[in-house]
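Coordinate analysis (summary)
Chain by chain, the residues run as shown.
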Amino acid sequence: ATDGVQQSASVAMAADGGFVVVWQSEVPGRGDEIRARQFDACGVARGDELAVNALTAGHQNIPAVAVANDGRFVVVWQTIIANNLEVRARPFDAHGVPRGDEIAVNVMKRNSNGAPDVAMAKDGSFVVAWESAVRGSFEVRARRFDALGSGQGGEIAVNALTASSQRAPRVAIDAAGNFIVVWRSNVDGRFEVRARRFTAAGVARGDEIAATAVPAGDQLAPAVAMDAAGDFVLAWENAFDGRYEVRARRFSSRGV
C-alpha cells in the first residue's frame, strides 16, 4: 500500500536468510496500523502485506519484530486502550499465519507502557522489553512468553537504579534463552547506556552493566546484539563537544 505514510520500520532475519519487515502504516479513515511482509533470502516477497494488529481502533505505533531460526516470528507494538498506552504482541508461524489473537504484554494497566522491543529464541519463545511510567518517571520492564504466546510469569523489573528515567530499551537473546536488556539511563543529570543480563527463567545475572568504563558526554540510542553463546555487543551514539559519534563495546557472556 502506498496511500498515507509508511514509517517506523523494523526487520529481523531467519537462519536461511529469509527476513520479515514490519512497519507502521497510515490507513485512510482508520489511523495507524501495523503491517508485516515476509521475504526470501534473495529479497523476493513471500506474499502480500500482513495485517498484524486485530484491534483497529485508535493508533498502533512503533513496531518491532523478532524471528526464530525456522521462520516463525513475533511482532510487538504500542497502542492506546481506554486512554492508556499499552504494549501488544502477536506471534505468527513461518507462513505468516497468526498463532492466535493479540497478546496483552504489560500486566500493569494504569501506567503508560510503550517503546517495546522483542527477541526470540530458537524454540520460538520470546522476551519483550518496554518502558513503563512508574512513580512519575520511567522504568524498564520485561516479560517472557512461550512459543504460543502464553506469559511465563509477570513483569520483570529490569533496572536496579530507580532514580530519574530509564528509557529506550532493546533486548537480545542467546541460544539457551538467556537474554540481555540495554537502555538509556539518566544518571546525575547525564544520560548513560546501561545493560543487565538475565537467565532464561528471568532471574537477574548480577547488577547493571555500564556500557563504558569512562563515561563522557551523553550516551543515547542504545542497541544490542547477542550470539548463540551469550557474548554480546553494545552500541550507542555519544555526544562529544556538540557533535555525535557512534561507539560500540564487546562483552563476554559473563558481562566482562
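Look up: the structure comes first, before these words.
Now for a look at the structure at hand.

Considerations on the environment of Gly206
Secondary-structure assignment places Gly206 in the loop between β15 (190-198) and β16 (209-210). Spatially, the C-alpha atoms of Gly206 and Ala223 are 20 Å apart, while their sequence positions differ by 17 residues.

Some details on the pattern of salt bridges
Counted by the stated rule, this structure contains 15 salt bridges. Of the charged contacts in the structure, one is a salt bridge between Arg46 and Asp16, with a shortest N-O distance of 3.9 Å. In this pair, Arg46 is assigned in the loop between β3 (31-39) and β4 (50-51) and Asp16 in the loop between β1 (6-13) and β2 (19-27), connecting sequence segments 30 residues apart. Overall, Arg46 belongs to the partly exposed group, its relative accessible area being 42%. Between Glu33 and Arg35 there is a salt bridge; the shortest N-O distance is 3.2 Å. For the pair formed by Glu33 and Arg35, the shared burial category is buried. Taken together, the shared-partner salt bridges in this structure form one network comprising Arg30, Glu33, Arg35 and Glu49.

Digging into unusual backbone geometry
Note: most peptide bonds trans; most residues except glycine with negative phi. Positioned with a positive phi, Ala82 is a non-glycine residue whose angle comes to about 50 degrees. Even without being glycine, Asp241 reaches a positive phi, approximately 50 degrees. Considering the arrangement of structural elements, one finds Asp241 in the loop between β18 (232-240) and β19 (243-251).

Here's the deal with the packing of aromatic side chains
Under the definition given, this model contains five aromatic pairs. When the ring of Phe73 is compared with that of Phe92, the centres are 4.9 Å apart and the planes differ by 5 degrees; the resulting orientation is stacked. Of this pair, Phe73 sits in strand β6 (residues 73-81) while Phe92 is found in strand β7 (residues 84-92), placing the two residues 19 residues apart along the sequence. Look at Phe73 and you get buried, because its relative accessible area is 0%.

What about the pairing of strand β10 (residues 126-134)?
Most of β10 is tucked away: eight of the nine residues are buried. The antiparallel pairing of strand β9 (residues 113-120) with β10 creates a hairpin that spans five residues between the two strands, and Gly124 there sits at a positive phi of about 95 degrees. Taken together, the nine bridges between β10 and strand β11 (residues 137-145) define a ladder with antiparallel strand orientation. Bridge pairing in β11 places Glu131 opposite Val140.

Regarding the sheet that holds β7
Reading across the sheet, the four strands line up as β5-β6-β7-β8 and stay open at both edges, with antiparallel pairing between neighbours. Strands at the two margins of the open sheet, each flanked by one partner only, are β5 (60-67) and β8 (103-104). Two elements, β7 and β8, share two bridges in a ladder whose sense is antiparallel. Following the sheet pairing, Arg88 is matched in β8 by Ala104.

Rules of the game
- Residues numbered from 1 in each chain as written.
- Predicted model: local features only at pLDDT ≥ 70, side-chain atom pairs only at ≥ 80, totals over all residues.
- Heavy atoms only, no water.
- Helix = DSSP H or I, 4+ residues; strand = E, 2+ residues; numbered from the N terminus.
- Salt bridge = Lys/Arg side-chain N within 4 Å of Asp/Glu carboxyl O.
- Buried < 20%, exposed > 50% of the residue type's maximum accessible area, 1.4 Å probe, protein only.
- Phe/Tyr/Trp six-rings, centres within 6.5 Å; stacked < 30°, edge-to-face > 60°.
- Pairing = 2+ DSSP bridges.

Structural measurements only, silent on function.
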